[in-house]
Amino acid sequence: MEIFLQLTFLQWLGTAFGVVQVLLARQNNVHNYLFGIVAILISIWVMYQSRLYADILLNLYYLVMSIYGWFYWKIGKQRKEAPISYATKKEQGIALGIVLGCFVLMAYWLSGHTDTDVPYWDAVVCAFAWAGMWLMAKRKIENWIYLNISNLISIPLLIYKELYIYAGLTAFLFAVAVSGYIKWKKILKREDEGKYAEA
């Protein structure tokens, strides 16, 4: 009972930081990563207690990509803030490669070397989220699409694992990601119109 109450409290706390993080990301605010890092650290502990091992690896990856993304957003390749942009064909290929490679590796590891009862389900959630987070760190608009595929599959998985608070958070993240995609598209349109007006 005590561990259940602890996990419930941690889910609420992680959810609060996660909500702030995604709302800041929607606003194209670089500080979203600072709130995200706290949410990630809390999630790692909760997922460990729930035996969602791919999600632990996913969160460790999130941690690395959050640190990378924070620096990339701040200074970019040209030592100035990186703008929102569409993924190139090469970047789209890399993202699909991440999905495929991650799924194969996670499915193999989870099904053969852990006690999880949802290896393939967990692996596909992980695969799309890895690609989405990579695209987010690169400030590519397509990140919202990949992250939402992961969110859509993750919601029933979290309900199955009785992590109802995280399932609710993921449903909220799904809605925010739709909104984020629309907002980033408007930002890109304004930037394109500005460039056209200057030409």
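Scroll up for the structure.
Everything numeric here is computed off the predicted structure, so don't read it as measured data.

Conventions we followed
- Residues numbered from 1 in each chain as written.
- Predicted model: local features only at pLDDT ≥ 70, side-chain atom pairs only at ≥ 80, totals over all residues.
- Heavy atoms only, no water.
- Helix = DSSP H or I, 4+ residues; strand = E, 2+ residues; numbered from the N terminus.
- Buried < 20%, exposed > 50% of the residue type's maximum accessible area, 1.4 Å probe, protein only.
- Phe/Tyr/Trp six-rings, centres within 6.5 Å; stacked < 30°, edge-to-face > 60°.
- Patch = residues over 30% accessible without salt bridge, like charges linked within 9 Å, V, L, I, M, F, W, Y side chains within 5 Å.
- Areas by Shrake-Rupley, 256 points an atom, 1.4 Å probe, with all protein chains shown as cover.
- Salt bridge = Lys/Arg side-chain N within 4 Å of Asp/Glu carboxyl O.
- Disulfide = S-S within 2.5 Å.
- Axes fitted to C-alpha atoms, helices over the stretch in contact; angles between N-to-C directions.
- Parallel < 35°, antiparallel > 145°, perpendicular 65-115°, else oblique.
- Left-handed = near helix turned anticlockwise from the far one by under 90°.
- Contact = heavy atoms within 4.5 Å.
- Nonpolar A, V, L, I, M, F, W, Y, C, P; charged D, E, K, R; others polar.

Engineer: What is the right way to look at the overall build of the chain in this model?
Structural biologist: Each helix and strand counted, the chain has seven helices and zero strands in total. Moving toward the C terminus, one meets the helices and strands of the chain in the order α-α-α-α-α-α-α. Over its C-alpha atoms, taken along the principal directions, the chain stretches across nearly 65 × 35 × 25 Å. By residue count, 49% of the 199 residues in the chain fall in the buried class.

Engineer: Sorry, what's going on with the packing of aromatic side chains here?
Structural biologist: Tallying each qualifying case throughout the model produces eight aromatic pairs. Both rings, one in Trp 144 and one in Trp 184, keep their centres 5.4 Å apart while their planes meet at 85°; by these two values the pair is edge-to-face. Residue Trp 144 is located in helix α6 (residues 143-160), and its partner Trp 184 is located in helix α7 (residues 164-198); the two are separated by 40 residues in the primary sequence. You can call Trp 144 buried: its relative accessible area is 3%. With a relative accessible area of 0%, Trp 184 lands in the buried category.

Engineer: Would you explain a nonpolar patch on the surface in this entry?
Structural biologist: On the surface, a cluster of nonpolar side chains totalling about 220 Å² of accessible area is made up of Val 20, Leu 34 and Phe 35. Counting through the fold element by element, Leu 34 comes out in helix α2 (residues 32-49).

Engineer: Teacher, can you tell me more about the pattern of salt bridges here?
Structural biologist: Think of it this way: side chains of opposite charge can pair up when their charged atoms draw near. Overall, the coordinates contain two salt bridges when judged by the stated rule. Note that Lys 140 is salt-bridged to Glu 91, the shortest N-O span being 3.4 Å. Residue Lys 140 is located in the loop between α5 (119-137) and α6, and its partner Glu 91 is located in helix α4 (residues 89-113); the two are separated by 49 residues in the primary sequence.

Engineer: Even after reading the chapter, I still don't get unusual backbone geometry, so can you show me in this structure?
Structural biologist: Even without being a glycine, Arg 139 presents a positive backbone phi close to 60°. Residue placement: Arg 139 occurs in the loop between α5 and α6. Here Glu 162, not a glycine, exhibits a phi torsion of approximately 60°, which is positive. Relative to the helices and strands, Glu 162 is located in the loop between α6 and α7. Among the residues examined, Glu 162 registers a relative accessible area of 54% and is labelled exposed.

Engineer: Teacher, can you tell me more about the state of the cysteines here?
Structural biologist: Linking two cysteines covalently via their sulfur atoms produces the bond known as a disulfide. As enumerated under the stated definition, the model contains zero disulfides in all. Cys 126 provides the cysteine sulfur closest to Cys 102, a residue in no disulfide bond, and the two sulfurs are 3.8 Å apart. Judged by its relative accessible area of 8%, Cys 102 falls in the buried class.

Engineer: Mind showing me how you'd approach the packing of α5 against α6 here?
Structural biologist: The angle between the axes and the distance between the axes are what describe a pair of packed helices. For the pair α5 and α6, the least separation of the axes is 8 Å and the interaxial angle reads 150°. It follows from the interaxial angle that α5 and α6 lie roughly antiparallel. The chirality of how α5 crosses α6 is left-handed. In contact with Trp 121, Asp 122, Val 124, Val 125, Phe 128, Ala 129, Ala 131, Gly 132, Met 133, Leu 135 and Met 136 of α5, α6 contributes Asn 143, Trp 144, Tyr 146, Leu 147, Ile 149, Ser 150, Ile 153, Ser 154, Pro 156, Leu 157 and Tyr 160. For the contact of α5 with α6, the class distribution of residues is 17 nonpolar, four polar and one charged.

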